[in-house]
Amino acid sequence: MSSGDDGLHVIIEFGGGAELLFDKQKRHVVNLPADREWTLKLLLFWIRDNLLKERPELFLQGDTVRPGILVLVNDADWELLGQGEYRLQKGDTILFISTLHGG
Amino acid sequence: MPVLCSAKCGNNAILKRPKTGDALCKECFYWAFETEIHNTIDNGKLFKSGDKVAIGASGGKDSTVLAYVLKLLNERYNYGLQLFLLSIDEGITGYRDDSLETVKQNRDDYEMPLKILSYEELYGWTMDSIVAQIGRKNNCTFCGVFRRQALDRGAALLGVDCIATGHNADDIAETVLMNVLRGDIARLQRCTSAITSGEGSITRCKPLKYTYEKEIVMYAYFKRLVYFSTECVFAPNAYRGHARAYLKDLEKIRPSAIIDIIHSGERLQAKGTIKMPERRNCSRCGFVSSCEVCKACVLLEGLNRGMPKLGIGKSSKVRLQQAEVNRLKTRINF
């Protein structure tokens, strides 16, 4: 992770049991390197490489999230925003909620 | 670029509905979600005024949303229901003991009386001790069979008219697939019904039958409902997991697949010539059963006699096993 003011600050949150793959930590404030244009798809790989603690197959399937994980950007369904193509903005909150747990 | 709500209310949409593809804002989503559940209740005649209803409560997302929505609809549409929470403590350390805390929270939040019944007091066995005996294969069979009966017993203790469970559209579509794969025509016919009742057994209903899991989770999130979200520590070996993964893959390709499978299941009918299992009462415990002795009693006997495979899988295998035990006993007698 690069530091400095020129990076892209975003907040990443996990819920519904998805946090179990991230050391049970629900909220992560991160600064993404400013060397590229960040899309949600790129962020998924960045999360896998930098935040994920275990069993990546429970988070990613191919180049998107595993079916059953909901993604919200600033409390809006990513399916309204172009999913992986959405371009991250400074200060965005990206929330991943698993629907697969419990019962 | 924000997307506008399909209902033309002028607000920004927050969710794309999997069932219809509509983009809805928060308020229109709440309205659609709640009204659809009301329609399921109304069209299926799930309740009568004055009914006492036990909500099968696990502390998970489905039963938490069910309790919240039933309370809300009961007030909004004057159903005249008396609502209770009924929880089963299977005795799974690190799972049910934690989730029961959530149920107690529901009891306080929704002001509903709560009854907790444990496998230990009903059967003399906890799931922890069953798994210690039989290993991690087939344990979900025990848990499922025991829970079904435990809910019935709890309902009898509470004196309710009906048990409402949080089965959602995804659960029902999974069950349809599983019953097709197993060739279980009797269950295939029953599993899509929003309400089931029979002589001697309590009425059960599924108000969330047409409600997608995605929407239940979104509703709980936006309403800030607190639920317990840990996978059962024994679950990963369950057959249902495969049906679930398959269904989620289908949903990704075509979101209406879930509701389509339910509709297909509803339209399947067995020919009149197909022999269906008769429903009668267990000769040991008196609960409804399709056999002389019900599955719960057979499983329990297996546990108590140190033959836990009794009642699981093919009966021919069990007979072989029993013969082997008898042969050994005979030898010892010599």
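Residues numbered from 1 in each chain as written. Chains lettered and ligands numbered in written order. Predicted model: local features only at pLDDT ≥ 70, side-chain atom pairs only at ≥ 80, totals over all residues. Heavy atoms only, no water.

Named according to an unreviewed UniProt entry, chain B is Cytoplasmic tRNA 2-thiolation protein 1 originating from Cephus cinctus. Comment text from UniProt for chain B, heading Pathway (unreviewed entry), reads "tRNA modification; 5-methoxycarbonylmethyl-2-thiouridine-tRNA biosynthesis." The annotation that UniProt attaches to chain B under Subcellular location (unreviewed entry) is "Cytoplasm". (UniProt positions renumbered as here; feature names shortened; annotations may be inferred.)

As recorded in an unreviewed UniProt entry, chain A goes by the name Ubiquitin-related modifier 1 homolog, listed as coming from Cephus cinctus. Regarding chain A, the relevant UniProt record gives this comment under Pathway (unreviewed entry): "tRNA modification; 5-methoxycarbonylmethyl-2-thiouridine-tRNA biosynthesis." The UniProt entry for chain A carries the following comment under Subcellular location (unreviewed entry): "Cytoplasm".

1. As for the overall build of chain B
Scanning chain B from terminus to terminus reveals 13 helices and ten strands. Here the C-alpha radius of gyration of chain B, 22 Å, is about what a compact globule of 334 residues would show, namely 20 Å. For chain B, contacts bridging at least 24 residues in sequence account for 68% of all contacts bridging at least 6. If you sum the accessible surface of chain B, you get close to 16,800 Å²; carbon and sulfur atoms cover 51% of it. Here chain B contributes 49 positive and 37 negative side-chain charges, whose respective centroids are spaced 7 Å apart. (Helix = DSSP H or I, 4+ residues; strand = E, 2+ residues; numbered from the N terminus. Rg over C-alpha atoms; globule rule 2.2 N^0.38 Å. Contact = heavy atoms within 4.5 Å. Areas by Shrake-Rupley, 256 points an atom, 1.4 Å probe, with all protein chains shown as cover. Lys, Arg positive; Asp, Glu negative; His and termini not counted. Charge placed at Lys NZ, Arg CZ, Asp CG, Glu CD.)

2. Quick word on the UniProt feature "binding site: ATP" (unreviewed entry) in chain B
All names here are of chain B. Per the UniProt record, "binding site: ATP" (unreviewed entry) is annotated on G56, A57, S58, D62, I88, G166 and D171. Structurally, G56 is set in strand β3 (residues 52-56). Judged by relative accessible area, G56 falls into the buried class, the value being 15%. If we skip the residues at most four places from it in the chain, G56 touches S63, L86, L151, I163 and A164. (Buried < 20%, exposed > 50% of the residue type's maximum accessible area, 1.4 Å probe, protein only.)

3. Things to note about the sheet that holds strand β5 (residues 69-73) of chain A
The strand order β2-β1-β7-β5-β6 (chain A) describes an open sheet built from five strands, whose pairing is mixed. Here the strands that pair on one side only, and so sit at the sheet edges, are β2 (27-32) and β6 (76-77) of chain A. As paired elements, strand β1 (residues 8-15) of chain A and β2(A) share six bridges and run antiparallel to each other. If you follow H9(A) over to β2(A), its bridge partner there is N31(A). The strands touched by helix α9 (residues 213-222) of chain B within the sheet are β5, β6 and β7 (93-98) of chain A, with β5(A) carrying the most contacts at an inclination of about 45°. (Pairing = 2+ DSSP bridges. Axes fitted to C-alpha atoms, helices over the stretch in contact; angles between N-to-C directions.)

4. A word on the environment of T211(B)
Residues and elements named next belong to chain B. Along the chain, T211 turns up in the loop between β8 (201-205) and α9. Overall, T211 belongs to the buried group, its relative accessible area being 5%. Sequence separation between T211 and I37 is 174 residues; the distance between their C-alpha atoms is 7.4 Å. Residues in contact with T211, not counting those within four places in the same chain, are F33, I37, N168, A169 and I216.

5. A short note on the environment of R187(B)
Mapped onto the secondary structure, R187(B) falls in helix α8 (residues 185-190). Sequence spacing of R187(B) and E174(B) is 13 residues, and the spatial spacing of their C-alpha atoms is 13 Å.

6. Some points on the side chain of T165(B)
All names here are of chain B. Residue position: T165 is located in the loop between β6 (162-164) and α7 (169-182). According to the relative accessible area criterion, T165 is buried, its value standing at 8%. Side-chain polar atoms of T165 contact the side chain of H167, separated by 2.8 Å. Not counting residues up to four positions away in its chain, the partners in contact with T165 are L66, R204, C205, K206 and P207. (Polar contact = N/O pair within 3.5 Å; in protein donor to acceptor, adjacent residues only side chain to side chain.)

7. A closer look at the packing of helix α6 (residues 139-158) of chain B against helix α12 (residues 295-304) of chain B
Residue and element names in this part refer to chain B. Look at α6 against α12: their axes get within 9 Å of each other, and the N-to-C directions meet at 130°. Compared by their axis directions, α6 and α12 come out oblique. α12 is crossed by α6, and the crossing has left-handed handedness. Within the contact between the two elements, α6 uses T141, F142, V145, F146 and Q149 and α12 uses K295, A296, L299, L300 and L303. Taken together, the residues of the contact of α6 with α12 break down into seven nonpolar, two polar and one charged. (Parallel < 35°, antiparallel > 145°, perpendicular 65-115°, else oblique. Left-handed = near helix turned anticlockwise from the far one by under 90°. Nonpolar A, V, L, I, M, F, W, Y, C, P; charged D, E, K, R; others polar.)

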